[in-house]
Every structure is written in structure tokens, then in C-alpha cells.
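Report on the structure
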Amino acid sequence: MTDKLYRYLFDQADVRGELVQLNESYQQMIAGHDYPAPVRQLLGQMLAATSLLTAILKFEGEIAVQIQGDGPLRLMVINGTHQQALRGVARCQDEVPSGTLQEMVGKGHLVITITPKEGERYQGVVGLTEPTLAGCLEQYFAQSEQLRTRLWLHANDQHAAGMLLQEMPASNVDSDVEFEHLEQLTDTVKAEELFDLPAEEVLRRLYHQESVQVFEPGPVVFRCSCSRERSLSAIVTLDPTELQAILAEQDAIEMQCDYCGAQYRFDAIDIAAAQEGQTGGSSAQH
Ligand SMILES: [Zn+2]
């Protein structure tokens, strides 16, 4: 089963829905990291959530969904593009218990940053007041979009999956009743169904009495945006004297990407060339 995001609309209600099933992208994201099971699974949920959010928040550019706090799980971030290319990483400072979001992350925030290709960067922040990631994201939508939104997020060691329901911006008077009805139907979805059944089958089981229009699904992929050039330009922002001192001790500076594990190695010549490029070249005197 390849990783896909489905979008659908209910004919008789001003409500839209999404369903995402992730397998390969989730496995690629956690490969090479030694995350404890609760961290892996929360990353899986966040990966599914970011895919769902990316489709619902209309933008062309990049999105970052991040939780940060003072607990054992210090930071978790998923970066993505509007084309559903996602990557993610988590940082722990202690043993992370399997429990509520607060037990894992402590006191903290959920931050959503959208960087459009054109136009202003937008950032939304909510406190981690709900016990689940889905609950916190629902809070986010209640505050920022003021649209009724529900999310269902699940992950085990193999699969990550999620669903979303949201009322349409211009919904009618009966929309609360309609929304609650669809919410109750969606609430019956089991994690195993989302992991193991084809999306069409899940939707048929949940909404067999509704008239639903399901759109052609789109692919979701793991892709890291790191590169040798980006890593080198990050290195040359460091203090030149410090760089000289490091290069005097070792013959190269090595960097590993936190997200995908790619390794980059730069020797003194690489760094000098990049520093020259940075200062415009002609003024370099050493
Ligand atoms: Zn990378």
C-alpha cells in the first residue's frame, strides 16, 4: 500500500473530510533513529497530522508543525511542503514514558508555521492543554480558523494514519447537527481499520448511509531538504576563528543531517572557498 491522502466531501452537509495512510514515509522517517516506542508513535501521529493539515490549510510553500516543552520529549518537528513531501525529527533528553502529551512533553506549546512561496510567514501557537496531539490541533483550529474540526490520529510501529473532518467556511444553520452526526460516525473508526484496510473500504464502512464524493488520492512522500550546499552555508555562518581552530585540530568538519542521517564532510579548502563566496570573493586575504 503506497502512502496516500484522500479528500472527500459530503453531498448533504457542509463538511469536508480527509484520510491519510502512511507506511513507507513513516518508516523512512524513523529509520536510523533509535527512538523509544512512544516517541516513534507520536512522530507517526504528527506525520499524519501534518499531511492532513497541509491539505486543509491552503498554501503553496512550506509548513512546520512543532511541539516543544520542558518534559523528557523536548522537541518534535515535522517539516513539509504543499506537495506532501515530509520529514521529521524528535529530540529527547530523558526516558520518555508512554502517556499523555503532557507526560511526554511537559509544559509546552504546539507551533504551526506556514512559510508561503509568496507573501507573509504565518505562525500559530497553542498551549499543550489537551492530553492528545489530535486534541491540541483541534484547539488550534478552534482558535485560528474558527471552524469546527476533528482529528483522529493513530500510529503503531509499522503504520501511521489519520482522519480529519472540518465544517466548510460558509456552512448553514443546521451544520452543527450535521457535523455531530458525521463526527459520531467517524468516531467508530478503529486504528487497525485505518492501518490495514484500503481507504475506500474504510470510508464505505463509516459512511455507508451518506452520500460521499471521494476525490482522486494524492501521494505523500518522505523527502529531506538537506544538501551539501545548505550544510556548508550553515557552517560558514560560524565564527571564522572558531572554524580555523577546529580545522587546525582535525582535517575536516563533518556534519550529519538530524532528519535523514546524510553525512557531509568539508575540508579547509571547501570552507575557505565558501567563506570567499560569502564575502564576495575579492576581499578575502588569507
Ligand atoms: Zn537530510
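Check the entry above for the structure.
Residues numbered from 1 in each chain as written. Predicted model: local features only at pLDDT ≥ 70, side-chain atom pairs only at ≥ 80, totals over all residues. Heavy atoms only, no water.

1. Quick word on the pattern of salt bridges
Inspection of the entire model under this criterion finds 15 salt bridges. Taking the shortest distance from any N to any O, the salt bridge between D187 and R150 comes out at 3.6 Å. One end of the pair, D187, is in helix α5 (residues 175-187); the other, R150, is in strand β8 (residues 149-155), and 37 residues separate them in sequence. Under the relative-accessibility criterion, D187 is labelled partly exposed at 42%. Because the salt bridges share partners, they merge into one network encompassing E138, R148, R150, D176, E180, E183 and D187. (Salt bridge = Lys/Arg side-chain N within 4 Å of Asp/Glu carboxyl O. Helix = DSSP H or I, 4+ residues; strand = E, 2+ residues; numbered from the N terminus. Buried < 20%, exposed > 50% of the residue type's maximum accessible area, 1.4 Å probe, protein only.)

2. Section: the pairing of strand β14 (residues 263-267)
If a strand is regular, its side chains alternate between the two faces of the sheet. The two faces of β14 differ: Y264 and F266 on one face are buried, but Q263, R265 and D267 on the other face are not. Pairing of strand β13 (residues 252-256) with β14 involves 5 bridges; the strand directions are antiparallel. Considered in β14, the bridge of E254 is made with R265. (Pairing = 2+ DSSP bridges.)

3. Remarks on α5
The terminal C-alpha atoms of α5, which comprises 13 residues, lie 18 Å apart, in line with the 18 Å expected from a rise of 1.5 Å per residue. What α5 keeps buried is the set S175, E178, F179, L182, E183 and T186. Buried residues of α5, seen end-on, are gathered within an arc of 135° and therefore sit on one face of the element. Turned more than 90 degrees off the buried face of α5, the exposed positions are V177 and Q184. Against β1 (4-10), β2 (15-22), β8, β9 (160-167) and α7 (199-206) lie the buried residues of α5. (Expected span 1.5 Å × (residues − 1). Arc of directions from axis to C-beta. Contact = heavy atoms within 4.5 Å.)

4. Topic: the packing of helix α2 (residues 37-56) against helix α4 (residues 133-144)
Helix-helix packing: each pair is described by the crossing angle between the helix axes and the interaxial distance. Where α2 meets α4, the closest approach of the two axes is 10 Å, and the angle between their N-to-C directions is 25°. Comparing the axis directions of α2 and α4 gives the class roughly parallel. Judged by the twist between their axes, the crossing of α2 over α4 is right-handed. In this structure, α2 uses L42, Q45, M46, A49, L53 and I56 to contact α4, whose residues at the interface are L133, L137 and F141. Partitioned by chemical class, the residues of the contact of α2 with α4 number 8 nonpolar, 1 polar and no charged. (Axes fitted to C-alpha atoms, helices over the stretch in contact; angles between N-to-C directions. Parallel < 35°, antiparallel > 145°, perpendicular 65-115°, else oblique. Left-handed = near helix turned anticlockwise from the far one by under 90°. Nonpolar A, V, L, I, M, F, W, Y, C, P; charged D, E, K, R; others polar.)

5. A short note on the packing of aromatic side chains
Across all of its chains, the model carries 4 aromatic pairs by this definition. Taking 4.9 Å as the distance between ring centres and 90° as the angle between the ring planes, the aromatic pair formed by F10 and Y207 counts as edge-to-face. Residue F10 is found in strand β1, and its partner Y207 is found in the loop between α7 and β10 (212-214); the two are separated by 197 residues along the sequence. Here F10 and Y207 have matching classes, each one buried. Between Y140 and F141, the aromatic rings sit 5.6 Å apart at their centres with planes inclined by 80°, giving edge-to-face as the arrangement. One aromatic cluster is present, formed by Y8, F10 and Y207 through successive ring pairs. Lying over the aromatic face of Y259, R87 brings its terminal NZ or CZ to 3.6 Å of the ring centre. (Phe/Tyr/Trp six-rings, centres within 6.5 Å; stacked < 30°, edge-to-face > 60°. Lys NZ or Arg CZ within 6 Å of the ring centre and 35° of its normal.)

6. Overview of the coordination of the zinc ion
Surrounding the zinc ion are the protein donor atoms C224 (SG), C226 (SG), C257 (SG) and C260 (SG), at 2.2 to 2.3 Å. Taken together, the 4 donor atoms surrounding the zinc ion define angles of 105 to 114° at the centre, an arrangement classified as tetrahedral. Residue C260 is classed as partly exposed on the basis of its relative accessible area, which comes to 35%. (Donors = N, O, S within 2.8 Å, 3.2 Å for Na, K, Ca; no water. Tetrahedral: all angles 85-135°; square planar, octahedral: opposite > 155°, others 65-115°.)

7. A few points about unusual backbone geometry
A negative phi angle is the norm for most residues apart from glycine, just as the trans form is the norm for most peptide bonds. Notably, Q84 is not glycine yet its phi reads approximately 65°, a positive angle. By the secondary structure assignment, Q84 is in the loop between β4 (73-81) and β5 (85-92). Residue Q84 is classed as buried on the basis of its relative accessible area of 7%. Look at Q146: it is not a glycine, yet its phi comes out positive at around 50°. We classify Q146 as exposed; its relative accessible area is 63%.

8. Some words on the side chain of T149
With respect to the helices and strands, the residue T149 is situated in strand β8. A polar atom in the side chain of T149 sits 3.0 Å from the side chain of Q166. In this structure T149 touches E138, F141, L164, L165, Q166 and F179, once residues within four positions along its chain are discounted. (Polar contact = N/O pair within 3.5 Å; in protein donor to acceptor, adjacent residues only side chain to side chain.)

Everything listed is a geometric property; what it means functionally is a separate question.
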